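# Residue-level structural notes
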There are 2 protein chains.
Amino acid sequence: MGLVVQKYGGSSVADAEGIKRVAKRIVDAKKNGHQVVVVVSAMGDTTDELIDLAEQVSPIPAGREFDMLLTAGERISMALLAMAIKNLGHEAQSFTGSQAGVITDSVHNKARIIDVTPGRIRTALDEGNIAIVAGFQGVSQDKKDITTLGRGGSDTTAVALAAALDAEVCEIYTDVDGVFTADPRVVKKARKIDWIAFEDMLELAASGSKVLLHRCVEYARRYNIPIHVRSSFSGLRGTWVSNEPQGDQQVEHAIISGVAHDVSEAKVTVVGVPDKPGEAAAIFRTIANSEINIDMVVQNVSAATTALTDISFTLPKTDGAKAIDALEKAKSAIGFESLRYDDQIGKISLVGAGMKTNPGVTASFFEALSDAGVNIELISTSEIRISVVTRADDVNEAVRAVHTAFGLDSDSDEAVVYGGTGR
Amino acid sequence: MGLVVQKYGGSSVADAEGIKRVAKRIVDAKKNGHQVVVVVSAMGDTTDELIDLAEQVSPIPAGREFDMLLTAGERISMALLAMAIKNLGHEAQSFTGSQAGVITDSVHNKARIIDVTPGRIRTALDEGNIAIVAGFQGVSQDKKDITTLGRGGSDTTAVALAAALDAEVCEIYTDVDGVFTADPRVVKKARKIDWIAFEDMLELAASGSKVLLHRCVEYARRYNIPIHVRSSFSGLRGTWVSNEPQGDQQVEHAIISGVAHDVSEAKVTVVGVPDKPGEAAAIFRTIANSEINIDMVVQNVSAATTALTDISFTLPKTDGAKAIDALEKAKSAIGFESLRYDDQIGKISLVGAGMKTNPGVTASFFEALSDAGVNIELISTSEIRISVVTRADDVNEAVRAVHTAFGLDSDSDEAVVYGGTGR
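Residues numbered from 1 in each chain as written. Chains lettered and ligands numbered in written order. Predicted model: local features only at pLDDT ≥ 70, side-chain atom pairs only at ≥ 80, totals over all residues. Heavy atoms only, no water.

## A word on the overall build of chain A
The criterion, for reference: In this description a helix means any DSSP run of H or I spanning at least four residues, a strand means any run of E spanning at least two, and both kinds are numbered starting from the N terminus. We compute the radius of gyration over the C-alpha atoms and compare it with the globule rule, which gives 2.2 Å times the number of residues raised to the power 0.38. Throughout this description, buried means an accessible area under 20% of the type-specific maximum (1.4 Å probe, protein chains only), exposed means over 50%, and partly exposed covers the range between. Residue contacts are defined here by distance: any two heavy atoms, one from each residue, within 4.5 Å place the two residues in contact.
When you go through chain A residue by residue, the secondary structure sums to 13 helices and 20 strands. Here chain A has a C-alpha radius of gyration of 23 Å; the compact-globule value for 423 residues is 22 Å, and the two agree. Along the first, second and third principal axes, the C-alpha set of chain A runs to 80 × 55 × 35 Å. Counting every position in chain A, which comprises 423 residues, the buried fraction comes to 57%. Across chain A, contacts joining residues at least 24 apart in sequence account for 75% of those joining residues at least 6 apart.

Here it is in structure tokens:
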């Protein structure tokens with residue numbers, strides 16, 4: 001029996017009862033002969049409450065101090081969890097990100113892990129302890145300041161520790177039973193996926209699936225750490241994410257892993273762009289300089305008569321105003337005619353490594369959308385993904401139609417609890 | 001203009017409004033040309049809420065993890081305070097006890113400061129920042145674990161930092177206007193003391209005055225750091241505590257500094273103790289082995305006919321059951337007849353260096369009590385203090401009578417807000 005890293009999200013430790021339930025699960029893993037390292041998020045709404053407080057005190061919470069504030073949440077949950085474990089007769093020690101050796105860069109509020117030096121964790125394990133580590137936080141290499149890792153940061157902490165400690169598996173406990181073939185809130189017949197390749201999981205995460213964040217899966221793939229996503233409530237076997245299926249992990253030789261959707265994006269269309277070299281570059285340099293990440297990009301074929309073309313791209317709605325502002329300021333320099341902004345769009349993505357060798361997938365996808373009466377506005381593809389942009393109102397119907405068309409519906413019509421994964 | 005250390009208790013930073021008010025006060029000190037180091041407690045009831053959570057999770061919260069939990073409170077308040085200061089246009093950085101170099105022993109929940117290495121604070125100050133430091137916490141020298149200093153710990157943090165940084169003064173901001181000649185909740189005519197010597201302040205603190213804790217005053221005296229106790233609400237000049245009065249600090253050549261009282265103690269009487277050498281030692285070794293601190297001790301004159309005596313002592317009510325239990329177990333070994341336990345007692349103490357040279361003080365004290373119809377049960381004295389134990393019901397009346405008898409009453413009959421000082 002080797003070392004396991006378990007991560008519990010905020011909803012799993014939302015109150016004293018939740019903490020005691022999680023403590024029992026951790027002790028069970030220890031009793032089964034594992035060395036156990038636990039990464040824990042802040043309790044329930046703690047982080048939101050701290051953000052509220054910060055906004056009451058200052059309209060623009062500052063980076064370094066904001067991180068200092070937010071990390072109090074994990075300090076509370078990890079100490080309580082260690083106490084609950086001791087109360088079950090097992091030894092536990094809690095460690096801040098800094099104490100656990102989570103070394104980051106100095107970008108406050110969204111720091112990146114650059115090294116993990118888990119010497120104190122090793123010692124605690126060697127002495128027979130369960131080690132509890134604060135998720136979402138680290139310490140900056142140069143200034144020794146407390147940093148936070150941004151959204152989904154606790155998952156990344158867990159995978160990074162699993163890599164540094166050479167763990168057998170990184171278990172991500174959440175409030176859903178695993179990764180599903182579609183969002184179960186939208187598709188009642190969505191099925192839990194037994195095993196999925198890193199590659200497909202990365203595309204699902206990038207396409208709007210919220211169970212695991214892209215950065216966390218990327219880290220796991222780089223260090224080849226299998227992830228087991230499962231519910232802290234049910235105790236059922238969840239979804240394994242790895243390079244290759246192991247043992248009895250079912251691989252259904254599915255062409256398609258799942259359908260993801262995303263309604264958090266908006267579309268910007270730059271109208272009347274001179275169709276000559278350097279124009280697209282000028283537009284996207286302007287966007288990049290505003291530190292906005294764009295997603296899909298489509299350039300229309302230019303009409304021969306005008307020598308003008310349109311360029312559309314999608315971006316997070318939260319960056320919409322910033323992008324419009326930046327482009328308006330650069331309007332004369334770039335030389336386009338006008339801008340259009342549309343935040344009533346949705347994106348549906350079909351993901352599956354099988355589509356590499358199944359040329360009919362794209363056609364079937366478009367047929368399913370057409371049969372459901374859904375109009376396609378933009379198309380973008382990678383080797384193992386097809387994404388389309390539609391009206392936001394059409395998204396749920398489109399997801400259900402595609403899910404059925406690709407034979408992903410389960411036989412049962414079970415109700416599934418679904419929620420966020422905390423951070 | 002030199003360096004000042006300011007300490008703000010939990011009631012001063014109980015909510016966002018309080019934090020903003022305190023931030024303004026800090027910025028004022030900075031504008032006046034001072035280098036400013038601020039020690040802050042947890043917001044209002046935060047600590048009690050964390051203790052509640054801990055008790056829900058585990059009936060016996062463990063030392064190391066309990067400290068990890070409690071220190072989250074200061075992390076929140078200090079980060080918010082730094083944000084509020086930045087919002088006023090000044091630079092501030094917050095530091096945990098560990099980051100501020102507060103090194104302690106390893107006795108969790110009541111650690112003692114053994115060294116202060118404020119290198120990061122010095123750097124922050126040299127760069128023009130206001131430094132905010134978490135009170136009540138440190139890091140253990142041997143294990144690098146987070147520790148807490150116990151009740152009143154933030155005051156001690158402030159004085160220790162003031163000593164290490166060679167501050168001009170340590171300002172303790174609280175919710176009262178200073179140190180009073182008696183508890184203003186009991187004595188309406190209590191007067192604020194303008195200046196008081198360390199020596200007298202130590203006796204008052206030991207006798208039940210709660211404005212400053214004994215340990216903090218002791219530390220200030222050892223390193224000769226003047227303390228200025230004042231209100232964070234009124235901004236009025238408060239009470240200076242130092243070796244010698246400075247400048248315009250009024251010394252009224254008072255014989256008596258003040259009257260303190262304490263109703264948190266109980267009295268244990270060991271009845272029928274053989275009057276021979278070693279008996280008292282056996283009793284108090286038994287108590288000491290239970291880690292109970294006793295206060296007053298009185299042995300009655302033994303009656304010649306029986307060769308038996310009674311020994312009474314006082315101790316915190318919270319340790320009463322433990323003491324009785326320990327003595328009962330040792331009954332046959334020690335050889336006393338019976339135990340009496342009385343938790344309806346109160347202690348009144350008169351403190352003042354002037355009594356060394358004024359032989360009439362003791363007589364006047366007893367006369368005042370007698371005139372008020374208060375019966376004395378135990379008496380204990382030091383060079384600059386007289387304490388008596390009475391019925392708990394008589395304490396308030398006794399304090400008022402003594403306060404008047406020694407001419408301490410103020411002329412005005414002002415209402416004063418009085419409360420705890422946080423931690």
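Right, picking up where we left off after that structure.
## What about the sheet that holds strand S10 (residues 195-197) of chain B?
All names here are of chain B. Counted only if it meets this: Two strands pair if DSSP finds at least two bridges between them. Between N-to-C directions, angles cover 0 to 180 degrees, with each direction set by a line fitted to C-alpha atoms, over the stretch in contact for helices.
The mixed open sheet is built from eight strands, whose spatial order is S3-S6-S2-S1-S9-S11-S12-S10. Because the sheet does not close on itself, it has two edges, and the strands there are strand S3 (92-95) and S10. The mean inter-strand angle of the sheet, taken between neighbouring strand axes irrespective of direction, is 20°. Here four bridges tie strand S2 (residues 35-40) to strand S6 (residues 130-134), and the two strands are oriented parallel to one another. In the strand pairing of S6, Val40 is matched with Ala134. In the packing of helix H1 (residues 16-31) onto the sheet, contacts are made with strand S1 (3-8), S2, S6, strand S9 (169-174) and strand S11 (227-231), and the angle to S1 comes to roughly 170°.

## Side note on the relation of the copies chain B and chain A
Our working definition: In this comparison the copies share one frame, found by least squares on the C-alpha atoms of residues holding pLDDT of at least 70 in both.
Superposition record for chain B on chain A: RMSD 0.1 Å, screw rotation 180°, translation along axis 0.1 Å. Expressed as an axis order, the relation between the two copies is that of a two-fold axis. Closest to the rotation axis within chain B is the C-alpha of Ala72 of chain B, separated from it by 2.5 Å. A shared interface surface links the copies, since 100% of the contact residues of chain B are contact residues in chain A too.

## Digging into the interface of chain B and chain A
Filter applied, for reference: Buried area is calculated as the accessible area (1.4 Å probe) missing from two parts once they are joined, with the contributions of both summed. What makes a salt bridge here is a side-chain nitrogen of Lys or Arg within 4 Å of a carboxyl oxygen of Asp or Glu, nothing more. Residues are grouped as follows: Ala, Val, Leu, Ile, Met, Phe, Trp, Tyr, Cys and Pro are nonpolar; Asp, Glu, Lys and Arg are charged; all remaining types, including Gly, are polar.
Taken together, the contacts link 41 residues of chain B with 41 residues of chain A. The junction of chain B with chain A conceals about 3,300 Å² of combined surface from both sides, 64% of it contributed by carbon and sulfur atoms. Per-residue buried area on chain B facing chain A is highest for Val57, Arg75 and Met83 of chain B; these three make up 22% of the total on that side. For the salt bridge of Arg120 of chain B with Asp145 of chain A, the shortest nitrogen-to-oxygen distance reads 2.8 Å. Contributing elements (two or more residues each) for the side of chain B that touches chain A: H1, helix H2 (46-57), helix H3 (63-70), helix H4 (72-87) and S3 of chain B. For the side of chain B that touches chain A, the element with the highest residue contribution is H4 of chain B, accounting for eleven residues. Tallied by class, residues from the side of chain B that touches chain A come to 24 nonpolar, eight polar and nine charged.

## As for the environment of Ala281 of chain A
Residue and element names in this part refer to chain A. Examined against the element boundaries, Ala281 turns out to sit in helix H9 (residues 279-289). Here Ala281 falls in the exposed class, since its relative accessible area comes to 53%. Sequence spacing of Ala281 and Gly63 is 218 residues, and the spatial spacing of their C-alpha atoms is 32 Å.

## Remarks on the pairing of strand S6 (residues 130-134) of chain A
All names here are of chain A. Across the five residues of S6, five count as buried, placing the element largely inside the fold. Burial along S6 is two-sided: Ile130, Ile132 and Ala134 facing one way and Ala131 and Val133 facing the other are all buried. Of the pairings in the sheet, the one linking strand S3 (residues 92-95) to S6 comprises four bridges and is parallel in character. Bridge pairing in S6 links Ser94 to Ile132.

## Quick notes on the domain arrangement of chain A
To be explicit about the condition: Domains are outlined according to an automatic or database domain assignment.
Per the domain assignment, the segments making up chain A are domain 1 (3-175) and domain 2 (246-410). Placing the centre of domain 1 of chain A and that of domain 2 of chain A at their C-alpha centroids yields a distance of 36 Å.

## Brief notes about the environment of Glu383 of chain A
Topologically, Glu383 of chain A is positioned in the loop between strand S19 (378-382) and strand S20 (385-391). Measuring from C-alpha to C-alpha, the distance between Glu383 of chain A and Thr123 of chain A comes to 45 Å, with 260 residues separating the pair along the chain.

## A short note on the pairing of strand S7 (residues 137-140) of chain A
Residue and element names in this part refer to chain A. Pairing between strand S4 (residues 102-104) and S7: two bridges, direction parallel. Looking across to S7, one finds that Thr104 is bridged to Ser140. The pairing of S7 with strand S8 (residues 146-148) spans three bridges and is classified as antiparallel. Within S8, the residue paired with Gln137 across the bridge is Thr148.

## Quick look at the nonpolar core
One broad rule of soluble globular proteins: the nonpolar side chains tend to lie buried together. Rule in force here: Within this scheme, the nonpolar core is defined by two criteria: the residues are buried Ala, Val, Leu, Ile, Met, Phe, Trp, Tyr or Cys, and they are joined through side-chain atoms within 4.5 Å.
Grouped together as the largest cluster of nonpolar side chains are 86 residues, with contacts concentrated most on Leu80, Leu81 and Ile132 of chain A together with Leu80, Leu81 and Ile132 of chain B. The residues touching Leu81 of chain A, leaving out its near neighbours within four places in the chain, are Ile19, Val22, Ala23, Ile26, Val38, Val40 and Ile132 of chain A.

## A few points about the pattern of salt bridges
Applying the stated criterion to the full structure yields 35 salt bridges over all chains. Notably, a salt bridge pairs Arg391 of chain A with Asp342 of chain A, separated by 2.4 Å at the nearest N-O pair. Note that Arg391 of chain A is positioned in strand S20 and Asp342 of chain A in strand S17 (residues 338-342), a separation of 49 residues in sequence. Assessed through its relative accessible area of 17%, Asp342 of chain A is described here as buried. Between Asp194 of chain B and Arg237 of chain B there is a salt bridge; the shortest N-O distance is 3.7 Å. You can see Asp194 of chain B sitting in the loop between S9 and S10 and its partner Arg237 of chain B sitting in the loop between S11 and strand S12 (239-242), a full 43 residues away along the chain. The partly exposed category is assigned to Arg237 of chain B, whose relative accessible area is 31%. One network of salt bridges, in which partners are shared, links Arg64, Glu65 and Asp145 of chain A together with Arg120 of chain B.

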